[in-house]
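Chain by chain, the residues run as shown.
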Amino acid sequence: MGYVAKNDILDLFIAQLTKQYLIFAPKRFKNGGIYSDTDCIRYGEVTSIDQIVFDEKSEYSFKETVLPVIQTLFFFTEGSTKEADITQKEIIVFLRSCDLHGMKRLDDMYLHNGPADYYYQQIRSKVKFVLIGCEHSFENCFCVSMGTNRCENYEMSIDKSGENYRINCKNKDWKKQLSDLNLAEEPVAPSYVTENLIQVSIPGNLEFTVAQSKIWDEYDSRCINCGRCNFVCPTCTCFSMQDMYYSDNGKVGERRRVWASCMVDGFTDVAGGGSYRKKNGQRMRFKVLHKVYDYKKRNGYHMCVGCGRCDDICPEYISFSNCINKLSEGMKEVSK
Amino acid sequence: MMLQNDYVPFPSEIKDIIKHTDIEYTFRMSYTGEIKPGQFFEVSIPKYGESPISVSGIGKDFIDLTIRRVGKVTDEVFENYLGDTLLLRGPYGNGFDVNLYKNKELVVIAGGTGLSPVRGVIDYFSKHPKAVKNMKVICGFKTPDDILFLNDIECWKKTANVILTVDNADETSNYNVGLVTKYIPGLRLNDKNNTVAIVVGPPAMMKFSVQALLNIGIPEENIWISQERKMCCGLGKCGHCKIGDVYVCLDGPVFNYTKGKTLID
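All of these numbers come straight from a predicted model, not from anything done at the bench. (Residues numbered from 1 in each chain as written. Chains lettered and ligands numbered in written order. Predicted model: local features only at pLDDT ≥ 70, side-chain atom pairs only at ≥ 80, totals over all residues. Heavy atoms only, no water.)

Helix and strand counts for chain A stand at 11 helices and 12 strands. Relative to its length of 336 residues, chain A is compact, with a C-alpha radius of gyration of 22 Å against a globular reference of 20 Å. If one aligns the C-alpha atoms of chain A with their principal axes, the spans along those axes are about 65 × 60 × 45 Å. Here chain A contributes 44 positive and 44 negative side-chain charges, whose respective centroids are spaced 4 Å apart. (Helix = DSSP H or I, 4+ residues; strand = E, 2+ residues; numbered from the N terminus. Rg over C-alpha atoms; globule rule 2.2 N^0.38 Å. Lys, Arg positive; Asp, Glu negative; His and termini not counted. Charge placed at Lys NZ, Arg CZ, Asp CG, Glu CD.)

Pasting the structure below:
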């Protein structure tokens, strides 16, 4: 069952939630876009329903709410270390189905690939998800091909329908709060797309031998190794460690981790001058096969969730989905 | 449940420093705990960062870390931390399992600092010579001045057939001259199917040494290698050491060659 509410009633509900939770959702940042006079839709803290952008795809994923771009791990003080504090408040994240599937990828990387990550684990235990339904597909989305267009593991779903918001609530506490606002119950289910303009097909016979194909060579010149595709991706998990010291006191500083990109220079550098995957085409091959081949080999399902943000953001108009569709051609080439 | 923070390093006292060359020292660090040769620690210097360093020796209350001065962290270790403490976290990685080599003929081929991760294996079988049918060690360095663990190499000669070679040396030197691969075809092995080999060193040296071992008939499943990659977190999270579906810090750095040959970047 669910509820239908107008935004003033929903704001009362949001106001109640903000007492207990930090709420993050896609938000418009005026003039924050990469071109002049353009806006940026990315995740930020919200306190009212009007601040949430429902009708556009966010350029950046929800990822930064559970995995900060820069995260202090601990502080160095003279001869000792002190762990960085982690927010005590619980967190609600509004996100779409593809992103909620992305969350499973982050969980598997940070909780199950090796020992559980201390910092991620603490934030993760505080997070609840509100699914934003998709009435239609956005540009470059291919979630249906990746099987991420639907999901069930949400606490609440919300769809904007004209002036109304249609809510499906599974969380008992929130249900009570909604009932207390005198909202009548009625059947509501989150909307989801059943087809995208873009479809991808991952060949069933895909093997690592496709690395030998010439399909990767075009990216040597087209890709400018800016790494944006990695930063907008909800499933990219890599980071680098950095030490920084406070200039006022050279004996006190912090170690932190920052998002990293397998597409940029220096990612594989080892001490003494060694470096791997120097060509941009090799990096593209590494990233693509990670998303649609080797992650599955390790975890049993594909990493890519088909949100298409990598295609949206690429300044060189490189299409990840196109590249996936070239893989069967690549397999034919290397099988000759 | 008490969560464990694997990112925070612990201080370890520098008990001793053994100088091999101008840029390669072994730091004997206080440490107690289970550890295998070939595993590694992240050595950390606040302000400069971390470096993954292989364990080159294991004692009751210490570990040896042989560090080559090749980057900003190791520069700092050499310049400012002598006689003090280092921050460590680990051990990480799978390491060498000596049980896999017992009762077999063992060939160890090491190049340069590649001798560090296998030193513990050679030491173990030097102290337990009856645990293997025989042990042959080929270790190569660039010049006589670059030789590491010279005292150990002399000790190993008591129980193992050790070939020490250098790439270049002047005429007055008594050292064998040539790459390690030069000595592989001449290895006298009784049963090649029951011979196991460990190869660790620079990538080109490993490639040609493995080829030479395969050429003399050692089965590829009997060969073990140790991979070098940027191992930033050591915990399978940061992604820098990933090759295909493998995380070198978790699944390696020691790999059987049947797996190692598939790790192509």
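Okay, the overall build of chain B next. Secondary structure assignment for chain B yields 6 helices and 15 strands. Since a compact globule built from 265 residues should have a radius of gyration of about 18 Å, the 18 Å found for chain B is in line with a globular shape. Dimensions of chain B, computed from C-alpha atoms along their principal axes, come out at roughly 55 × 45 × 35 Å. Residues counted as buried form 57% of the 265 residues belonging to chain B. Of the contacts formed within chain B by residues at least 6 apart in sequence, a portion of 68% connects residues at least 24 apart. With 30 positive and 31 negative side-chain charges, chain B shows a spacing of 5 Å between the two charge centroids. (Buried < 20%, exposed > 50% of the residue type's maximum accessible area, 1.4 Å probe, protein only. Contact = heavy atoms within 4.5 Å.)

Our focus in this paragraph is the interface of chain A and chain B. With 43 residues of chain A at the interface, the matching set in chain B holds 39 residues. Both faces combined, the contact of chain A with chain B buries some 3,500 Å², and carbon together with sulfur accounts for 57% of it. Along the contact surface separating chain A from chain B lie 3 salt bridges. Scanning the region where chain A abuts chain B turns up 22 residue pairs in polar contact (both at pLDDT 80 or more). For the side of chain A that touches chain B, the elements supplying multiple residues, two or more each, are β4 (70-77), β5 (80-83), α2 (97-112), α3 (118-124), β11 (239-245), β12 (253-259) and α8 (280-299) of chain A. With 6 residues, the single largest contributor to the side of chain A that touches chain B is α8 of chain A. (Buried area = accessible area lost by both parts, 1.4 Å probe. Salt bridge = Lys/Arg side-chain N within 4 Å of Asp/Glu carboxyl O. Polar contact = N/O pair within 3.5 Å; in protein donor to acceptor, adjacent residues only side chain to side chain.)

All names here are of chain A. Per the domain assignment, the segments making up chain A are domain 1 (2-62 + 86-186) and domain 2 (208-237 + 262-335). Between domain 1 and domain 2, the C-alpha centre-to-centre distance is 28 Å. For the domain 1 and domain 2 pair, buried surface summed over both sides reaches about 2,100 Å², with 57% attributable to carbon and sulfur atoms. Broken down residue by residue, the surface that domain 1 buries against domain 2 is led by R105, F142 and M146, which jointly contribute 29%. The interface formed by domain 1 and domain 2 includes 2 salt bridges. A salt bridge links D312 to K57; its shortest N-O distance comes to 2.8 Å. Taken together, domain 1 and domain 2 are joined by 13 residue pairs in polar contact (both at pLDDT 80 or more). Those elements that place two or more of their residues in the side of domain 1 that touches domain 2 are α2 and α4 (143-146). (Domains from an automatic or database assignment.)

Attention shifts here to the pattern of salt bridges. Opposite charge on two side chains permits them to pair, given that their charged atoms come into close proximity. For the structure on display, the rule yields 30 salt bridges over all chains. With a shortest N-O distance of 3.1 Å, E50 of chain B and R255 of chain A are connected by a salt bridge. With E50 of chain B in strand β4 (residues 49-58) and R255 of chain A in strand β12, the pair connects residues from two separate chains. Side by side, E50 of chain B and R255 of chain A carry an identical accessibility label, which is buried. Note that D64 of chain B and R28 of chain B form a salt bridge whose closest N and O atoms lie 2.8 Å from each other. Here R28 of chain B lies in strand β2 (residues 24-30) and D64 of chain B lies in strand β5 (residues 62-68), a separation of 36 residues in the sequence.

Time to look at the packing of aromatic side chains. Residues and elements named next belong to chain A. Going through the model one piece at a time under the given rule, you end up with 19 aromatic pairs over all chains. Centre to centre, the rings of F76 and Y245 are 6.0 Å apart; their planes meet at 20 degrees, and the pair counts as stacked. Of this pair, F76 sits in strand β4 while Y245 sits in strand β11, placing them 169 residues apart in sequence. Here Y295 and Y301 contribute two aromatic rings whose centre-to-centre distance is 5.3 Å and whose plane-to-plane angle is 80 degrees, an arrangement assigned as edge-to-face. The buried category is assigned to Y301, whose relative accessible area is 16%. Its guanidinium or amino end placed over the ring of F239, R257 lies 4.8 Å from that ring's centre, counting from NZ or CZ. Against the face of F286 rests R277, its NZ or CZ located 3.5 Å from the ring centre. (Phe/Tyr/Trp six-rings, centres within 6.5 Å; stacked < 30°, edge-to-face > 60°. Lys NZ or Arg CZ within 6 Å of the ring centre and 35° of its normal.)

Any two packed helices are characterised by how steeply their axes cross, that is the angle between the axes, and by the distance between the axes. Residue and element names in this part refer to chain A. Helix α5 (residues 172-180) packs onto helix α1 (residues 7-20) with a crossing angle of 140 degrees between their chain directions and a minimal axis gap of 10 Å. On the basis of the axis angle, α1 is oblique to α5. In terms of crossing hand, the pair formed by α1 and α5 is right-handed. Where α1 abuts α5, its residues F13, Q16 and L17 lie against W174, Q177 and L178. In the contact of α1 with α5, the residues fall into 4 nonpolar, 2 polar and no charged. (Axes fitted to C-alpha atoms, helices over the stretch in contact; angles between N-to-C directions. Parallel < 35°, antiparallel > 145°, perpendicular 65-115°, else oblique. Left-handed = near helix turned anticlockwise from the far one by under 90°. Nonpolar A, V, L, I, M, F, W, Y, C, P; charged D, E, K, R; others polar.)

Cis rather than trans, the peptide bond between G90 of chain B and P91 of chain B has omega equal to 0 degrees. Its location among the elements puts P91 of chain B in strand β6 (residues 85-92). In this model, G252 of chain B is joined to P253 of chain B through a cis peptide bond whose omega is 5 degrees. The phi dihedral of N31 of chain A is positive, around 60 degrees, even though this residue is not glycine. Mapped onto the secondary structure, N31 of chain A falls in the loop between β2 (21-29) and β3 (40-45). A positive phi angle, close to 50 degrees, is found at R277 of chain A, a residue other than glycine.

Residues and elements named next belong to chain B. Strand order in the closed barrel formed by 6 strands is β1-β2-β5-β4-β3-β6, and the pairing between neighbours is antiparallel. In this sheet, neighbouring strand axes are inclined to one another by 45 degrees on average, regardless of whether the strands run parallel or antiparallel. Sitting on the sheet, helix α1 (residues 72-80) touches β2, β3 (40-45), β4, β5 and β6, and the angle it makes with β3 is about 70 degrees. On the sheet, helix α2 (residues 115-127) packs against β2, β4 and β5 and is oriented at approximately 25 degrees with respect to β4. (Pairing = 2+ DSSP bridges.)

Membership of the largest hydrophobic core comes to 72 residues, with the highest contact counts inside it found for V66 of chain A together with I109, V199 and L213 of chain B. Counting contributing residues per domain, this core is built from domain 1 (2-62 + 86-186) and domain 2 (208-237 + 262-335) of chain A, each supplying no fewer than three. (Core = buried A, V, L, I, M, F, W, Y, C linked by side-chain atoms within 4.5 Å.)

It is worth spelling out the state of the cysteines at this point. Within the structure shown, the criterion is met by 0 disulfides over all chains. Unpaired in this structure, C310 of chain A has its nearest cysteine sulfur neighbour in C307 of chain A, at a distance of 6.2 Å. Classification of C310 of chain A as buried rests on a relative accessible area of 16%. Note on C155 of chain B: no disulfide assigned, nearest cysteine sulfur contributed by C139 of chain B at a separation of 13 Å. Classification of C155 of chain B by relative accessible area gives partly exposed; the value is 43%. (Disulfide = S-S within 2.5 Å.)

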